[in-house]
Amino acid sequence: MATGEPDQPVAGSHPTNGAAEPVLTRPIGLLAELTHRCPLGCPYCSNPLALDPRDRELDSQTWARVFGEAVALGVLQVHLSGGEPGARRDLVEITAAAHSSGLYTNLITSAVGITASTLVHRANIDRVAAMVELAIGLDASRVEIAHVQYYGWALLNRDALMPNAEQVARAVRAVEELRRLHHGKIVIDAVLPDYYARFPKPCVGGWGRRSLNVTPSGKVLPCHAAEIIPDLEFWRVQDHSLAEIWANSPAFQAFRGTAWMQEPCRSCARREIDHGGCRCQAFMLTGNAAAADPVCHLSPRHADVVALAARQHDVPYSFRTNPRKSDSGAAVR
């Protein structure tokens, strides 16, 4: 089993904006995106608009090296994801390499041919109880009731997927009752829409603090959606070790620590708790990745989020084309 001390600093970080050098902690989680290929075309897909083609995917030997470097860096857990990881013919070899390295290994799948899964949005949020009953029927020990996150393709469908405030309140009450009813039988995790929160979530535990993400083509990102922020420089595992990237990559240093923060985050008592919220969401909603996440009620742009949450339209979903047939991810209706 991999071991590590997540809170111990490692060498190699640099000062930001002339401020004191931020403490560089060890990461504990790795998201390994094995492929962007997928048999589905979900309107709530959070993968980027431009998908990595098959001929640029890392081979199994490179993934095995990355897993070993991750363990040396302190990572404890790897999530094998995509796209659909099952589209990789060498998935067994990749999974075995992750396990052999000592990483606690999860496979995140669309469930085609494997099992059942779901995301929550306006059309199904009132069926939370049925989702939990399905999980219990499958002998699951844990189920996540996760609302769609509005990144990538899902952002295009936000108005069609966003639940209203009454639906969210009902879902919160339902989850609380289901937890009481099934206590000791199943663990129920719930992730409700950011747009209805009072404070932002501490996205990935803070930028460059707890986790990293490797794309199918080898880019290493501080979070899954980081590529939407312009002018960030992402290093690749083909050119640098994971330790070098974690310590010195310009993308990881961009929002590490607190020196980059603007008001109200800079003087906020919660700046070391939620770390200013989601940088990608801040950029999408304000055009400024260093702004306070507008989900926070203290943000001067919070009223924009309230207005967006109230904007539900019954319009057709914009579906992705099947990436097996096209690498463009163009919309079909």
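Refer to the structure above for everything that follows.
Notes on the structure in this doc start here. (Residues numbered from 1 in each chain as written. Predicted model: local features only at pLDDT ≥ 70, side-chain atom pairs only at ≥ 80, totals over all residues. Heavy atoms only, no water.)

## Describing the overall build of the protein chain
What the protein chain contains, in helices and strands, is 10 helices and nine strands. Across the 333 residues in the protein chain, those meeting the buried criterion constitute 48%. Once local pairs closer than 6 in sequence are excluded, the contacts in the protein chain between residues at least 24 apart make up 68%. For the protein chain, the accessible area works out to roughly 15600 Å², and carbon and sulfur atoms hold 54% of it. (Helix = DSSP H or I, 4+ residues; strand = E, 2+ residues; numbered from the N terminus. Buried < 20%, exposed > 50% of the residue type's maximum accessible area, 1.4 Å probe, protein only. Contact = heavy atoms within 4.5 Å. Areas by Shrake-Rupley, 256 points an atom, 1.4 Å probe, with all protein chains shown as cover.)

## A short note on the sheet that holds strand 7 (residues 220–221)
With respect to topology, five strands assemble into an open sheet ordered 3-2-1-6-7, the strand pairing being mixed. Each edge of the sheet is formed by a strand with only one pairing partner; in this case those strands are strand 3 (104–107) and strand 7. Taken together, the five bridges between strand 1 (residues 29–33) and strand 2 (residues 77–81) define a ladder with parallel strand orientation. Bridging across to strand 2, Leu30 finds its partner in Val78. Relative to strand 1, helix 1 (residues 60–73) is tilted by about 170 degrees, and along the sheet it contacts strand 1, strand 2 and strand 6 (211–214). Each of strand 2 and strand 3 is contacted by helix 2 (residues 91–100), which is oriented at about 150 degrees to strand 3, the strand it contacts most. (Pairing = 2+ DSSP bridges. Axes fitted to C-alpha atoms, helices over the stretch in contact; angles between N-to-C directions.)

## Points about helix 9 (residues 279–286)
Along helix 9, six of the eight residues are buried, which leaves the element largely enclosed by surrounding structure. Within helix 9, the full set of buried residues consists of Arg279, Cys280, Gln281, Ala282, Leu285 and Thr286. Packed against the buried residues of helix 9 are helix 5 (158–161) and helix 10 (302–309). Positive backbone phi, at 85 degrees, marks Gly287, one or two positions downstream of helix 9.

By themselves, these are just geometric observations and shouldn't be taken as functional.
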